[in-house]
Amino acid sequence: MQKSALIFAFFINVTILSSQTDPNLHWHTIESDHFHVLFDRSLEKLAIKITDYAEESYQIISKDLNWKVKDKIIITLLDSVDIPNGEASKGAFITLYATSGAFSLAVGNIDNYYRTLTLHEMTHIINQDTSLSFYAFLRSLLGTIYLFQPNIQWYRWMSEGL
């Protein structure tokens, strides 16, 4: 019964996610030392900036938290919602939502906003990936499994306050 429910939930999520993305987008990838940045051609200029911001953020946060993520982090840049924001997901995935120029009138310097947003989401990714002592040993044997990333279990106020 649980297996059937899990399979059903998977297909529902795939259906919902596929309905939220324009099927006519032409996806491209920029690869850097630590990232794969996925974007539609219309967001290419922003994707180049985001790649630079991400590398800068990675250097700052990995030094501050004394941790380097083993695999490349995947950043998906979308323009499918009207609210600029971002999210860091388990498994070193970041989604950043682009916004129109109208938002820059309210915020001021839009480039600074994307730089800050990238730094914020990078902090989540590196913090969530950190595994020390016993958990590091388990990850060395079994690979990256969310069960062996104890920081993922933090309360939201702890992770957002970091």
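Notes on the structure in this doc start here. (Residues numbered from 1 in each chain as written. Predicted model: local features only at pLDDT ≥ 70, side-chain atom pairs only at ≥ 80, totals over all residues. Heavy atoms only, no water.)

## Overview of the sheet that holds strand 1 (residues 27-31)
Rule in force here: Strand pairing is defined by DSSP finding a minimum of two bridges between the two strands. Secondary structure follows DSSP: runs of H or I at least 4 residues long count as helices, runs of E at least 2 residues long count as strands, and numbering of each begins at the N terminus. Here the axes come from fitting lines to C-alpha atoms, over the contacting stretch only for helices, and the angles between their N-to-C directions go from 0 to 180 degrees. It only takes one pair of heavy atoms within 4.5 Å for two residues to be counted as in contact.
Pairing is mixed in the open sheet, where five strands are placed in the order 1-2-3-5-4. Both outer strands of the open sheet, strand 1 and strand 4 (85-89), are each paired with one neighbouring strand and no more. Strand after strand, the sheet turns through a mean of 20 degrees between neighbouring axes, direction not considered. Together, strand 1, strand 2 (35-40), strand 3 (73-78) and strand 5 (93-97) form the strand contacts of helix 2 (residues 44-65), whose direction differs from that of strand 2 by roughly 160 degrees.

## Concerning the packing of aromatic side chains
Geometry of an aromatic ring pair is reported as the spacing of the ring centres plus the angle between the planes. The criterion, for reference: Pairing of aromatic side chains requires ring centres within 6.5 Å, counting the rings of Phe and Tyr and the six-membered ring of Trp. Pairs whose planes differ by under 30 degrees are stacked, by over 60 edge-to-face, and all others tilted. When a residue's accessible area, from a 1.4 Å probe over protein chains only, is under 20% of the maximum for its type it is buried; when over 50% it is exposed; and in between it is partly exposed.
Overall, the coordinates contain two aromatic pairs when judged by the stated rule. For the pair F35 and Y58, a centre-to-centre distance of 6.1 Å together with 90 degrees between the ring planes defines the contact as edge-to-face. You can see F35 sitting in strand 2 and its partner Y58 sitting in helix 2, a full 23 residues away along the chain. Of the two residues examined, F35 and Y58, each falls in the buried class. Relative to Y114, the ring of Y113 has its centre 5.5 Å away and its plane inclined at 65 degrees; by these criteria the two rings are edge-to-face. We classify Y113 as buried; its relative accessible area is 19%.

## Regarding the pattern of salt bridges
For clarity, the cut-off: Salt bridge, as applied in this entry: a Lys or Arg side-chain nitrogen positioned within 4 Å of an Asp or Glu carboxyl oxygen.
A complete count under the given rule lists three salt bridges for this structure. In this structure, E44 and R41 form a salt bridge, with 2.8 Å as the shortest nitrogen-oxygen distance. Given a relative accessible area of 42%, R41 falls into the partly exposed group. Between E56 and R115 there is a salt bridge whose closest N-O contact spans 2.3 Å. Linking E56 in helix 2 with R115 in helix 4 (residues 110-129), this pair joins segments that are 59 residues apart in sequence. The partly exposed category is assigned to R115, whose relative accessible area is 37%.

## Quick notes on the pairing of strand 3
Basically, it comes down to this: The path from the first strand over the helix to the second decides the hand: if it runs clockwise while the strands point away from the viewer, the crossover is right-handed.
Here strand 3 lies mainly inside the structure; five of its six residues are buried. As paired strands, strand 2 and strand 3 are joined by four bridges and run parallel to one another. The partner of V37 across the bridge, within strand 3, is I75. A crossover links strand 2 with its parallel partner strand 3, the connecting element being helix 2, and its sense is left-handed.

## So, the nonpolar core
To be explicit about the condition: For the purposes of this section, nonpolar cores are sets of buried Ala, Val, Leu, Ile, Met, Phe, Trp, Tyr and Cys residues that join through side-chain atoms within 4.5 Å.
If you look at the biggest cluster of nonpolar residues, it comprises 26 residues, and the most contacted ones within it are F35, I50, I73, I75, L77 and M122. When contributions to this core are tallied by element, the ones reaching two or more residues are strand 2, helix 2, strand 3, strand 5 and helix 4. Looking at which element gives the most residues to this core, the answer is helix 2, with seven residues. Every residue in contact with L77, bar those within four places of it in the chain, is listed here: W27, L38, F39, L43, L46, A47, I50, L96 and A98.

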